[in-house]
Amino acid sequence: AGRFFNSFGKSVGANITPMSSQLIKQMRQMTDDFSDKVQKNEVIQNIQSKATMVRHAATSAALPVLKNIQREDSSLPDPAPKEWCMHLYTCPDKYVIFPPSTPAPDPAGKAPEAVVIDRVSMVVTAMPVAQAETLVVARTKIEILGVVGIATLEVSSYLVVCTARGFVGALPQGRVYKVMACESRVLGAKIKNPNPIQMSHRAIEQRLLDELLDTFEMFFSHEWDVTQSQQRLETMAALPPTGDQKGAYDRREQRFVWNHKLLEKMEGCHHCRVLLPVVAGFVQFKTVTLPKGKALLAMIGRRDWHRPGYRYMSRGIDAEGNVSNAVETEQIIIALREDPPAPPPTEGAGNGGALGESANGGGVVPGRRGGEVAVFGRDAETSAVVMMRGSVPLLWCEADAVMTLKPKPDIAPKELQGAPMDVHLKDMRGSYGNIILLSLIEQREQSHERQLGLLFDAQMTKVTGEAVPPPGTEFDEAAERKKRGPVTYIPFDFHSVCGKLAFRNLPKLVKVCVEALREDCSFFIAGKQKQVGTFRVNCIDCLDRTNVAQSVLAFRAALWQLEALALIQKDERKACEDKVTKEERQPYPWAEHLDQTLKHMWADHGDAISLQYSGTFALKGDLTRTGKRTVGGLVQDGISSVKRCVQNNFADTHRQQVVEAFHGHPPVINAWAGSPKPPKDPKEEHFGQGAQTTAQTPKDAPTEHATNHAAKEDNGTKEDATP
C-alpha cells in the first residue's frame, strides 16, 4: 500500500502541473506515515487483536447452548428460601460481604465476621460485623448465597459469587443445592491503564468465565460436607471436633472441592460463614417402593479438579499421578420409615455453616420428589457403594485430533510410564483400599485404541505380576480368583463382546466382575460394614462404555444393599440376579421399577459428566436407560459424535485456557510435561507436537497472582464491548 501511494503521488506530481507543490508534499507525508506504521507492525497488531477478540467471542457464543441444555432439569421448591442469604456491598475501593443472619450462628462459637476485599490489592480480611457496617453506609447491595472465590485469569482477577440456588434433595445430614447462577466482579487488573482493545479482551474473558461457571454443574450444602462419601463422613464423625469452620474446611476432601484454588486466595477467611465450597459433577434423588418399605436412591458424582479440561485437551495422566476426567460416583440407598413423624421446624437447622462440620445423626430434612415428602429419623439406615472412573493412567494425548472422529492416541515412550502410574495407584489405594481396574479398551487389530490397550496391559502386568490373557480367552472364575490382590486388572474388550448391537452379552461383563465386586470391594452400611475397595473403570473417553459398565455393576450392588437393609429378602435378590444373568425382565414389578429407576439415574449421570467433558450427551444413552439399542439412539449418537468433533476443534481451546487458569494451572501444551525428559530418539520426538492437553502443577503448589493493579470501574460489573 505504501509503494502504491508513493508511486501514485510521484505520477500526480509529474503529470499534473497545475497541482500545487504543497498538496503533493502533504500526500507524500501521509504515505510516509502509513509506511512507518506498517513497518512498526501497528496495523498488523491491531488485526491480530481483533482476530483474538473474534475467536473469544465465537467460543463464548457457543457456550450458552451448553448452559441451556444443562438447565433443562427444574429444581424443586426450596424448603427454606431465606436461610443462608447474605449481602454483598460494593464500595469504590472494596467489596464487603456480610454473613447470613439465619440460621443463627452457634452462640458458643466465634462471633460472625464480615469479609472485606480490597479491589486494588485484592487483600482479603475479616472484621467484626459491627465494624464492617460503618464501611457500607448508603452503599448498594445485592443478595447472594455465598462466595465461590477469587479467580485469577490472563487479563484480570474476578470475585465470583453465587446468586441463585436450586433445591435438589436431601440426605440425613442436610439439604443439597445446585448452583443455578453465578456472577463475577472485576478485581485487580494485570495490565495498568489498559487501552480499549485490552479492555475488550477483559470483557470477553469475564463473559467466558461467567458462561463456563454455568456449564460446570456445581452443588453444595450449607449443612454438611458434600465432598465426603457416607463412609468418610462416618469416619470423620469419630474424630475430635475442630471447634471452628476453618478446621472443618481443612477436613474436606480437597480433590473434590471444585473451587479449591479460588478459596485458597481467601485463606485468612476460611473460618467465616460466607465462603461456599462446591462440588462439580452430578446429584440426583429418587424414591422407590419395595416389598418392605420405601427407599431413597441418591447418586452423587464428584469431579476431581487436579487434571481438569475438555476431552481432546485433557487426556491420560500427569507426573503427579492425576488423571483426566476423574469422577467418584456414590450410589446411596436409605431405608425410609413407612409412617414418619412430622418433621420439626427447619428454622435454625444445621449449625455447621457453609464451611461447618457435617451434622451427624438424623433429623431435619424435608425433600420433595414426585409429591412425596421424605423425612429421615435418627435411626435411618444408610448404605452406599463408591466407584471411580478416570482416563487411562498412561502418558498419552491425541495430537492429531483435528476434524476426525477417531484420532489415533499419541503415546509417550514406555520407559516414562511406570512412575506416574505407581503414584496414581498408591494414591487410590490410600483412599479406597483394594483397586480393581476394569479396562474397556478395544483390542482389535485395526482399532485406533489397540496400541494404548496393549501398553496398558503391559504396565499392569508389571504391577500385578500376572500375565494378561490374550483377547478372546474364555473367562475362568477360579483362575481369576487366585490372581486377585490389592490391585487387580480386568481387561474387557467391550466393542468385541458387545459390539454390533450384541448387547445381550452384557451379562458376560457382570460374570467377569461380580466376584471381585462382592469380595474385594463390598459396600458400606452405616455402623456395620465398610467398603474395602472400589472399581476403577475406563475406556478412552471414560464416558459412554464406562457409564454402561458402571450402571450394570451398580444394579447388582443395589440388590445387595437392599438385602442388607432388610428391604428385600434373599430369595428375591437371587431371583433378580438370575434374570440379570439371563438378560430377561425382572420377576417382580418393584424390581422392574428399581431397574428402570437406576438405569435412568445412571444415564442422567452419564449425560451430566459427558456434557462437562465433551460438550454433548453421553453416547449409548439408550442402552443405559433401556438395556437395548434403538434406531433413535443410534441416530442421536451419530449427531453427538459430529457435535463433539466440531466443538473439540473450534470451542474447547479457549475454554481449556480459562479452566486451567480457574484451577491455577499454567497452560503447558504437552501431555507429559513435568515428567523426565524422553531420550533423544528421532522416532519419538514427534510426541506432544501440537498436543492440546495440559500438564498439572503439584497439588499443593501456590498460585501467584497480581496484587497491585487498580479496578477501573466503580461498581465492578461487566464491561460491554463488541468486537
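Relevant structure appears above.
Every value quoted in this text rests on a predicted model; they were computed, and no experiment measured them.

Draft legend 1. Looking closely at the nonpolar core. In this structure, L438, L440, F492, C513, F535 and L594 are the most contacted members of the largest nonpolar core, which totals 54 residues. Setting aside residues no more than four positions away along its own chain, F535 makes contact with M387, M388, I436, L438, C513, A516, L517, C521 and L553. Listed in part, the 33 residues of the second largest apolar core include C85, A151, V160 and L212.

Draft legend 2. Layout of helix 14 (residues 544-564). Taking 1.5 Å of rise per residue, the 21 residues of helix 14 would be expected to cover 30 Å, and the 30 Å separating its terminal C-alpha atoms lies within 8% of that figure. Taking burial as the measure, the 21 residues of helix 14 include 19 buried ones, the bulk of the element. Following helix 14 by one or two positions, A566 has its phi on the positive side, about 60°.

Draft legend 3. Fine view of empty space enclosed by the protein. Going through the model one piece at a time under the given rule, you end up with 2 cavities of 30 Å³ or more. Lining of the second largest cavity is provided by S439, I441, Q443, D457, Y489, P491, F492 and D493. By residue class, the composition of the lining of the second largest cavity is 4 nonpolar, 2 polar and 2 charged.

Draft legend 4. How the structure looks around the sheet that holds strand 2 (residues 94-98). The strand order across the open sheet formed by 5 strands is 4-3-2-1-5, and the pairing between neighbours is antiparallel. If you trace the sheet from one side to the other, it starts and ends with strand 4 (124-128) and strand 5 (141-144), each paired once. Put simply, the sheet's adjacent strands are angled 25° from each other on average, direction ignored. Bridging between strand 3 (residues 113-118) and strand 4 involves 5 bridges; their strand directions are antiparallel. If you follow V115 over to strand 4, its bridge partner there is A126.

Draft legend 5. Just the pattern of salt bridges, in detail. Taken as a whole, this structure holds 29 salt bridges when the rule is applied. Between D78 and R165 there is a salt bridge, and its shortest N-O distance comes to 3.0 Å. Taken together, the positions of D78 in the loop between helix 3 (42-70) and strand 1 (86-90) and R165 in strand 7 (residues 156-171) put the pair 87 residues apart, joining distant regions of the chain. Judged by relative accessible area, R165 falls into the buried class, the value being 14%. A salt bridge links D595 to K599, with the shortest nitrogen-to-oxygen separation between them at 3.3 Å. With a gap of 4 residues between them, D595 and K599 both fall in helix 16 (residues 589-613), about one helical turn apart. Since its relative accessible area comes to 19%, K599 is described here as buried. Bridged by salt links that share partners, the residues R232, E253, R255, R302, E328 and E330 form one connected network.

Draft legend 6. Structural view of helix 6 (residues 230-237). Of the residues making up helix 6, those classed as buried are Q230, Q231, R232, L233 and M236. Next to the buried residues of helix 6 lie strand 7, strand 11 (293-303), strand 12 (327-336), strand 15 (382-389), helix 9 (418-432) and strand 20 (524-525).

Draft legend 7. Spotlight on the packing of aromatic side chains. In total, this model carries 7 aromatic pairs according to the counting rule given. An angle of 75° between the planes, with centres 5.4 Å apart, marks the rings of Y89 and F98 as edge-to-face. Take Y89 and F98: they sit in the same class, and that class is buried. A centroid spacing of 5.5 Å and a plane angle of 5° characterise the contact between Y588 and W590, whose relative ring orientation is stacked. Residue W590 is classed as buried on the basis of its relative accessible area, which comes to 13%. Taken together, F167, Y177 and F220 form an aromatic cluster joined through their ring pairs. Lying over the aromatic face of Y177, R165 brings its terminal NZ or CZ to 4.4 Å of the ring centre.

Draft legend 8. View of the packing of helix 13 (residues 506-521) against helix 14. Between helix 13 and helix 14, the least distance of the axes is 10 Å, while the angle of their chain directions is 55°. If you check the angle between helix 13 and helix 14, you find them oblique. Helix 14 is crossed by helix 13, and the crossing has right-handed handedness. Taken together, the residues of helix 14 that come into contact with helix 13 (itself represented by L506, L509, V510, C513, V514, L517 and R518) are V548, A549, V552, L553, R556, A557 and W560.

What counts, and where the lines are drawn
Residues numbered from 1 in each chain as written. Predicted model: local features only at pLDDT ≥ 70, side-chain atom pairs only at ≥ 80, totals over all residues. Heavy atoms only, no water. Core = buried A, V, L, I, M, F, W, Y, C linked by side-chain atoms within 4.5 Å. Buried < 20%, exposed > 50% of the residue type's maximum accessible area, 1.4 Å probe, protein only. Contact = heavy atoms within 4.5 Å. Helix = DSSP H or I, 4+ residues; strand = E, 2+ residues; numbered from the N terminus. Expected span 1.5 Å × (residues − 1). 1 Å grid on protein atoms, 1.4 Å probe; cavity = no way out; pocket = protein on both sides within 12 Å on 5 of 7 lines; lining within 4 Å. Points joined across faces, edges and corners; volume = space filled by probe spheres on them. Nonpolar A, V, L, I, M, F, W, Y, C, P; charged D, E, K, R; others polar. Pairing = 2+ DSSP bridges. Axes fitted to C-alpha atoms, helices over the stretch in contact; angles between N-to-C directions. Salt bridge = Lys/Arg side-chain N within 4 Å of Asp/Glu carboxyl O. Phe/Tyr/Trp six-rings, centres within 6.5 Å; stacked < 30°, edge-to-face > 60°. Lys NZ or Arg CZ within 6 Å of the ring centre and 35° of its normal. Parallel < 35°, antiparallel > 145°, perpendicular 65-115°, else oblique. Left-handed = near helix turned anticlockwise from the far one by under 90°.

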